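Structural characterization, general
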Amino acid sequence: MNDVSLTPTAQLDLDSCAAEPIRIPGAIQPHGALLVVRPKDFVCLNFSANLLQVAGFELKPGDRLSDVAEARQLTAELRRWLDGEHPAFLRTVTVGEFVLQVFGHVTEQGVVLEFEDPPHSEAETLEGLYPRLREFLDDIARAEDLQAIADAAVREVRALTGFNRTLLYSFDEAGDGTVLAEDTDGVLPSYRGLRFPASDIPAQARELYRLNRIRLIASADYEPVPVLPAISPTDGKPLDLSLAALRSVSPIHLEYMRNMGTGSSMSISILVEGRLWGLISGHSREPRQVNPQVRTACDILGQVLSLQVEARERADAAAERLSLKQVETDLLARLALSTSFQRALADNSEIWLELTHAAGAAVITEEGVLSTGDTPEPAEITAIAHQLFQRGDDHFATDSLAQTWPDAAGYAATACGLLAVSISQIHPDYIMWFRPEVIRTVEWGGDPNKPMEPKADRLSPRTSFELWKEQVRLHSLPWRDAEVESARGFRNAIQNLVLKRAEERAELTGRLERINKELESFSYSISHDLRAPFRHIVGYAELLSEREKDLDAKSRHYVQSISEAAVAAGRLVDDLLNFSQMGRASLHLGKIDISKLVSEIRRSLEPDVAGRKIEWRIGELPEAWGDGPMVRQALLNLIQNAVKYTGPRELAVITVEGEDRGESVAYTVSDNGVGFDRTYVGKLFGVFQRLHRAEDFEGTGIGLALAKRIVERHGGTIAADGVLGQGATFTFTLPKRQVALRGETTRG
């Protein structure tokens, strides 16, 4: 094992690296050209020295782009873009004899235009890549955990870009990165499972990764192309290229790449709640160009991945908070029956420890120390309490107590990690939880203590990325946010125990409601943000069909397939929106004529069942009390299911009937369709849960979940029964008016 520390000289050079002006390099990479113009009149402000070579025209500061005859199409496209609301410009345009991919964005210093070669084939365009992205969305929707999502992401990025190796790694709180997933063709060494120190990516570089989600370095040996002038005429400051794809990168980073044996690289940022959660990095031994449309597809993939990670982290955190809150509620219920909460804690030691997943716990009051599990000696616990009291900490959490108080190394075997909450403002009274030392071996990609290595006249990035193992001691498992929150919430409950926890129960209810609303709002946000890209895909596909009248039949089929797939994806997003909105919309209760609703639904389905033999058996349908549009949606989903799953039958039989059950009314929709295996009935009402293959029966997998949410919002129940190959029956109940109103009064 190793123990190496940074020398002062190395640290000084690292500080210099951190201060390097990477946002204003004054140059670009040579696989494209750059032009900055004034928005109002397209007067040239800055240009790269290779503009004529790459784009086929020449401009100097003061010249107008609109005066260049070859650039009239580009000028017109730019004006339409600037007059609209899109934040970015991406077009394939013809400038004289040059066909160029042009990307543009607006800064305070002007409109920054970047010129690159266009895609070599239709397969490299966004339209051609859409089917792959859709398959990726399907893959991660089915993924069981974050590891499966990461594995799918690196496979897809390597397939899109052709890099020799793609890695996905996440950053911890210290900024160190751990490789979670890897896909490689074997040309470059494997880094799966290795860690890379935070010093490999300085803070300002991390901020650029956060602002500019895609960064390509087509060749580690490129010669930078200067931007002239280096100063912006707009504000007299160096030209800021933070958001430019062609921005030249630090020479130190290029040397780092060469030391790794990589000739090209591309990174995709994974952002969670605005912070840099991780990166997908592609590497090749040789130079490699990735066109802007493929990069845009990778950016979309990265955004979808970011949303998935964020959603799963929030859901996991919410689930853990809820689980610990249930433990707290159980423990408090037991404490409330005891005259001494200290003694009650000791009598319920397993639940007490479960509250924070600790190995030991103690409560310190004027009466003394009472402990359970693996803890330090009472005198040592008392000393910790006095030190915490002197610090004035309301709560304290660490996974390495010895780093705060070196003397604690003597009892690290039982108390390496400490979570403590104060229960008195005038005495050193605390509730504490302890975790033992966990000695673990960390596998680094090279020595993390040597981010720089000496050369003749300077320091350079490290050259070794061989496996370097480090044994970590005097650390316990870290305390998660939910566990710290659980401890603090328990402290509050103890302080309010004399009030019989009435206020605490109300706070619990409010917190759970806020968590639920937060998750619903997040689901709504994801679905809403995904609608626009699918609408754009459909729109551009239709425009392509209208513009290119001479497409052959096969090409038209491809365009039609793109449009149909985007429409299907849009329908899925709409269903998600409906599902999330259903939990937020207010109920407008009133009498509902169910017979009339069923008749309307049958009429609306007539175009879908034309040519089919369906025997409708409509029984007595009592009036209901509820929100008319919502109940109609629930009925529509159930009847549509019956129509769909009786499709293989020569004669479909669909029955809709009702029953008065005293305080509620029940409605049943049954059919003689394909049915389902009762073993999996518990999955029927989950979002995206399907018991039949999507190839056999189309649908988004949200309809039954939406019906269940509607019924439960009315205070009703829904159930399903079926026999595989014989049919299915769905029954839901709605409370009658007086019961529903009584329920509203109770909840109020």
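The sections below set out a description of the structure shown in this document. (Residues numbered from 1 in each chain as written. Predicted model: local features only at pLDDT ≥ 70, side-chain atom pairs only at ≥ 80, totals over all residues. Heavy atoms only, no water.)

Some details on the packing of helix H8 (residues 292-335) against helix H14 (residues 481-495)
- For the pair H8 and H14, interaxial distance at closest approach is 10 Å and the crossing angle is 25°. Considering the angle they form, H8 stands roughly parallel to H14. The two elements H8 and H14 cross, and the hand of that crossing is right-handed. Here Glu320, Arg321, Leu324, Glu328, Leu331, Leu332 and Leu335 of H8 lie close against H14, whose contacting residues are Ala482, Glu483, Glu485, Ser486, Gly489, Phe490, Ala493 and Ile494.
- Looking at the contact of H8 with H14 residue by residue, the class counts come to 8 nonpolar, 2 polar and 5 charged. (Axes fitted to C-alpha atoms, helices over the stretch in contact; angles between N-to-C directions. Helix = DSSP H or I, 4+ residues; strand = E, 2+ residues; numbered from the N terminus. Parallel < 35°, antiparallel > 145°, perpendicular 65-115°, else oblique. Left-handed = near helix turned anticlockwise from the far one by under 90°. Contact = heavy atoms within 4.5 Å. Nonpolar A, V, L, I, M, F, W, Y, C, P; charged D, E, K, R; others polar.)

A closer look at the environment of Tyr558
- Note on placement: Tyr558 falls in helix H16 (residues 553-582).
- Each C-alpha atom of the pair Tyr558 and Ala541 lies 9.6 Å from the other, and the pair is 17 residues apart in sequence.

As for the sheet that holds strand S6 (residues 110-116)
- Here 7 strands make up an open sheet; going across it, the order is S1-S11-S3-S2-S6-S5-S4 and the pairing antiparallel. If you trace the sheet from one side to the other, it starts and ends with strand S1 (27-28) and strand S4 (88-95), each paired once.
- Relative to strand S5 (residues 98-107), S4 is paired through 8 bridges, and the arrangement is antiparallel. When the bridges of S5 are listed, Thr94 appears paired with Val99.
- Taken strand by strand, helix H3 (residues 72-83) contacts S4, S5 and S6, and its axis lies near 165° from that of S4.
- Sheet contacts for H8: S4, S5 and S6; angle to S4, the most-contacted strand, approximately 165°. (Pairing = 2+ DSSP bridges.)

Topic: the environment of Leu587
- By the secondary structure assignment, Leu587 is in the loop between H16 and strand S23 (589-592).
- Judged by its relative accessible area of 22%, Leu587 is partly exposed.
- Residues Leu587 and Gly626, 39 residues apart in the sequence, show an inter-C-alpha distance of 7.7 Å.
- If sequence neighbours within four positions are ignored, Leu587 has contacts with Asp627, Met630, Arg713 and His714. (Buried < 20%, exposed > 50% of the residue type's maximum accessible area, 1.4 Å probe, protein only.)

Observations regarding the packing of aromatic side chains
- All told, the structure shown has 6 aromatic pairs when counted by the stated rule.
- Here the aromatic rings of Trp81 and Phe89 are separated by 5.3 Å at their centres, their planes lie at 50°, and the arrangement is tilted.
- On the basis of relative accessibility, which here comes to 4%, the residue Trp81 falls in the buried class.
- Judged by relative accessible area, which is 0%, Phe89 ranks as buried.
- Where Phe396 meets Trp405, the ring centres are 5.7 Å apart and the plane angle is 35°; that geometry is what we call tilted. Accessibility classification places Phe396 together with Trp405 in one group, the buried group.
- Stacked on the ring of Phe171, the Lys or Arg Arg206 has its end atom at 4.6 Å from the ring centre.
- The ring of Trp479 carries Arg435 above its face, with NZ or CZ at 3.9 Å from the centroid. (Phe/Tyr/Trp six-rings, centres within 6.5 Å; stacked < 30°, edge-to-face > 60°. Lys NZ or Arg CZ within 6 Å of the ring centre and 35° of its normal.)

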